[in-house]
Amino acid sequence: MNIRFSLFLAALTVLFIIVSPGCKKGSEKADEKRSEEAVTVDSIDQQLVKDVKAVKEMFYSMPSPLEVAMILKDAGETYNQELLNPLNHTTRYVTTKSQALNLGIYTTDLSYSSLYDQTQTTIDYINAAKKMAEGLGIMHAIDNSTIQRLEANVNNRDVILDIISETILTSSSFFKENERDAISTIVLIGGWIEGLYIATNLVQDSPTQEDIHSNELIARIADQKLALNTIMKLQEKNEANKHLDQVVTDIQELEKIYDQIKIETSRAVPVKDTSTQVTTLKSETSITMTPEIYKQLKEKIDVIRTKFIS
Amino acid sequence: MNKLSSHALVLLTLFMIMPLLGQGQCKQFAKQVCKNELTPYIHNGNYNAAILTEGETAEMYKTFYSRQNYRLYICESSAMPRIHFQVLDINRNVLYDNKKNGYKMKWDFMPESSQQLIISLEVEDGENDSDGDPISGCVAIMIGIKQNGNDSSP
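Residues numbered from 1 in each chain as written. Chains lettered and ligands numbered in written order. Predicted model: local features only at pLDDT ≥ 70, side-chain atom pairs only at ≥ 80, totals over all residues. Heavy atoms only, no water.

In this section: the overall build of chain A. If you tally the helices and strands in chain A, you get 14 helices and five strands. Counting the 310 residues in chain A, one finds 50% classified as buried. As presented, chain A carries roughly 14,800 Å² of accessible surface, and 51% of it is formed by carbon and sulfur atoms. (Helix = DSSP H or I, 4+ residues; strand = E, 2+ residues; numbered from the N terminus. Buried < 20%, exposed > 50% of the residue type's maximum accessible area, 1.4 Å probe, protein only. Areas by Shrake-Rupley, 256 points an atom, 1.4 Å probe, with all protein chains shown as cover.)

Here it is in structure tokens:
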């Protein structure tokens, strides 16, 4: 190999080390340096060294649209098609933000309808989700073969749920692979808000304090306070993404109301059932929320959802 | 463009896309291998996978909801060293440790109260590959959910 070419290769290697997406960021390098320094001076407390070592990957996982729909179904609520985002709205969504939000919204809608065996609605909504996915550049997330598979299994709910799960996985992995994690977060926020919208509209109007204590669905709505922390962490991880920042600003308005809800949970004790091999995490929770706070919450969710589907 | 520059361009392109190829393989691995291991639970659809090297750690923060049935499955590509994982509550109290359960990679559980849990994993140090380099591979954290018995379809 001639010398000029060898030098060129060496220069390219250096360039690669600098620009590679796999290279560690400044803060990670600093963490490593701190870790190395700790190793040289410690020799006493190995546990401390272990604690200092940076975690390579941090995942913050929001409930997926399928999970949101399952929570709704398991709370024992009924199906109401009027609550879904109308199919003729698809032409409205032309920006990245609106397509991402409504990919999440339509995916929650189709998950919800599939759990109640509304097969034609499920097919219609997967087509709506397909349009959103295509707009975002994910041509293969939901293709014609996906829809054909769905149509061929209209009476098999497990297969339908598996198809929905696969389409969510394809789109979420596509965004991760293409370093568009912020868009993935917007999709999940859209799906999550849709779940909250459906849930709050399935609860009877003006629930009393007693309803608030006894209604399973209201408890699940209050539980969503826990997801807010994840949203904020995801925003930190994807800092300076204008689309996500705009969406999170709306969510922060919701957070102010959720802050008024008090949730106390005792320490979980794992108890394993040796026959089923399932471990129950035994604990107790108390939720403190007044009818007035619930009303504010429902109104704010309505406002945000209306904004997202407009 | 002369011959030297075109060679260089090809090499540079290859270098640049190599990390993405790794991600692509990880995605296929999660879809084709890991997902099936959740049956009869249904994968929630969220993609949480990364290329890890022995000695490296990862953590996932996730809210698990009251009275939902979950299967946690830590999936790793073959030839990787063992993975030690723990499930912790938000105060980092240990709720499950796979080391105390024969390094099982699946855990089925049902929380009575909704709560945020931390899944903390470490790829244990193993024997290096034939070149003496640490072994790297794909590790996916898969969450499966199962419908409860109630079926109030209209």
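Another point: the overall build of chain B. Secondary structure summary: chain B contains one helix and nine strands in total. Seen in sequence order, chain B has helices and strands lined up from the N terminus as α-β-β-β-β-β-β-β-β-β. Relative to its 154 residues, chain B shows a buried fraction of 56%. Counted over contacts in chain B with a minimum sequence separation of 6, partners at least 24 positions apart contribute 79%. About 6,700 Å² of surface is accessible on chain B, with carbon and sulfur atoms providing 52% of the total. (Contact = heavy atoms within 4.5 Å.)

Next up on the list: the sheet that holds strand E3 (residues 57-64) of chain B. The strand order E1(A)-E3(B)-E8(B)-E5(B)-E6(B) describes an open sheet built from five strands, whose pairing is mixed. Looking at strand neighbours, the two that pair on one side only are strand E1 (57-61) of chain A together with strand E6 (94-97) of chain B, the edges of this open sheet. Within the sheet, the average angular offset between the axes of one strand and its neighbour, ignoring direction, is 15°. As judged from the eight bridges shared by E3 of chain B and strand E8 (residues 115-123) of chain B, these two strands associate in the antiparallel manner. (Pairing = 2+ DSSP bridges. Axes fitted to C-alpha atoms, helices over the stretch in contact; angles between N-to-C directions.)

To continue, consider the packing of helix H5 (residues 96-115) of chain A against helix H6 (residues 119-135) of chain A. All names here are of chain A. Where H5 meets H6, the axes come as close as 8 Å, and the angle between the chain directions of the two elements is 160°. Compared by their axis directions, H5 and H6 come out roughly antiparallel. Pair H5 / H6 crosses with left-handed handedness. Along the contact surface, H5 presents Gln99, Asn102, Leu103, Tyr106, Thr107, Asp109, Leu110, Ser113 and Ser114, while H6 presents Thr121, Thr122, Tyr125, Ile126, Ala128, Ala129, Met132, Ala133 and Gly135. (Parallel < 35°, antiparallel > 145°, perpendicular 65-115°, else oblique. Left-handed = near helix turned anticlockwise from the far one by under 90°.)

Time to look at the side chain of Thr146 of chain A. Residue and element names in this part refer to chain A. One can find Thr146 in helix H7 (residues 144-152). You can call Thr146 buried: its relative accessible area is 12%. Apart from the residues within four sequence positions on either side, Thr146 is in contact with Ile126, Ala141, Ile163 and Thr167.

We now examine the confidence of the model for chain A. The predicted model of chain A has a mean per-residue pLDDT of 85, with 83% of residues at 70 or higher. Low pLDDT, under 50, characterises residues 47-52 of chain A; the predicted model gives this stretch six contacts beyond four residues in sequence or across chains. (pLDDT = per-residue confidence, 0-100.)

Attention now goes to the state of the cysteines. All names here are of chain B. All told, the structure shown has two disulfides over all chains when counted by the stated rule. Each sulfur in the disulfide pair Cys34 and Cys75 lies 2.2 Å from the other. Note on the Cys34 and Cys75 pair: the S-S dihedral is about -75°, so by sign convention the disulfide is left-handed. Highlighted residues: Cys34 in helix H1 (residues 3-34) and Cys75 in strand E4 (residues 69-76), separated in sequence by 41 residues. (Disulfide = S-S within 2.5 Å.)

Quick look at helix H9 (residues 181-202) of chain A now. Taking 1.5 Å as the rise per residue, H9 of chain A with 22 residues should run 32 Å; its terminal C-alpha atoms sit 32 Å apart, in good agreement. Burial of H9 of chain A is extensive: 20 of the 22 residues sit out of reach of the surface. (Expected span 1.5 Å × (residues − 1).)

Now for the pairing of E3 of chain B. Burial analysis of E3 of chain B places eight of its eight residues in the buried class, which makes it a mostly covered element. Burial of the side chains of E3 of chain B extends over both faces: Thr57, Glu59, Tyr61 and Thr63 of chain B are buried on one face and Ala58, Met60, Lys62 and Phe64 of chain B on the other. Two elements, E1 of chain A and E3 of chain B, share five bridges in a ladder whose sense is parallel. Residue pairing across strands places Tyr60 of chain A opposite Tyr61 of chain B, the latter belonging to E3 of chain B.

Residues and elements named next belong to chain A. Structurally, the position occupied by Leu244 is in helix H13 (residues 242-258). When the C-alpha positions of Leu244 and Ile186 are compared, they lie 6.2 Å apart, and in sequence the two are 58 residues distant. Once you skip the residues sitting within four places of it in the chain, Leu244 turns out to touch Ala182, Thr185, Ile186, Ile189, Leu234, Gln235 and Asn238.

Along the chain, Asn93 of chain B falls in the loop between strand E5 (83-88) and E6. For Asn93 of chain B and Leu117 of chain B, which are 24 residues apart along the polypeptide, the C-alpha to C-alpha distance reads 9.9 Å. Setting aside chain neighbours within four positions, we find Asn93 of chain B in contact with Arg267 of chain A together with Val87 and Leu88 of chain B. Polar contacts involving the side chain of Asn93 of chain B include one to the side chain of Arg267 of chain A, which spans 3.5 Å. (Polar contact = N/O pair within 3.5 Å; in protein donor to acceptor, adjacent residues only side chain to side chain.)

Residues Ile189 and Trp192 of chain A together with Ile74 of chain B are the most contacted members of the largest nonpolar core, which totals 131 residues. No other element matches H9 of chain A, which puts 13 residues into this core. Excluding residues that lie within four positions of it along the chain, Ile74 of chain B makes contacts with Ile83, Phe85, Met105, Ile119, Leu121, Val139, Ala140 and Ile141 of chain B. (Core = buried A, V, L, I, M, F, W, Y, C linked by side-chain atoms within 4.5 Å.)

The tally for this structure, following the rule as stated, stands at 13 aromatic pairs over all chains. Ring centres 5.7 Å apart and planes at 55° place the aromatic pair Tyr106 of chain A and Tyr125 of chain A in the tilted group. Remark: Tyr125 of chain A occurs in helix H6 and Tyr106 of chain A occurs in helix H5; sequence separation between them is 19 residues. Take Tyr106 of chain A and Tyr125 of chain A: they sit in the same class, and that class is buried. The interplanar angle of 65° and the centroid separation of 5.2 Å between the aromatic rings of Phe64 of chain B and Phe109 of chain B together place this pair among those described as edge-to-face. Of the two residues, Phe64 of chain B sits in strand E3 while Phe109 of chain B sits in strand E7 (residues 106-111), which places them 45 residues apart along the sequence. By relative accessible area, Phe64 of chain B is classed as buried at 1%. A network of ring pairs unites the aromatic residues Phe64, Tyr70, Phe85, Tyr96, Trp107 and Phe109 of chain B as a single cluster. Its end group placed over the ring of Tyr197 of chain A, Arg305 of chain A keeps NZ or CZ at 4.0 Å from the ring centre. The ring of Phe64 of chain B has Lys62 of chain B sitting right over it, with the charged end atom 5.5 Å from the ring centre. (Phe/Tyr/Trp six-rings, centres within 6.5 Å; stacked < 30°, edge-to-face > 60°. Lys NZ or Arg CZ within 6 Å of the ring centre and 35° of its normal.)

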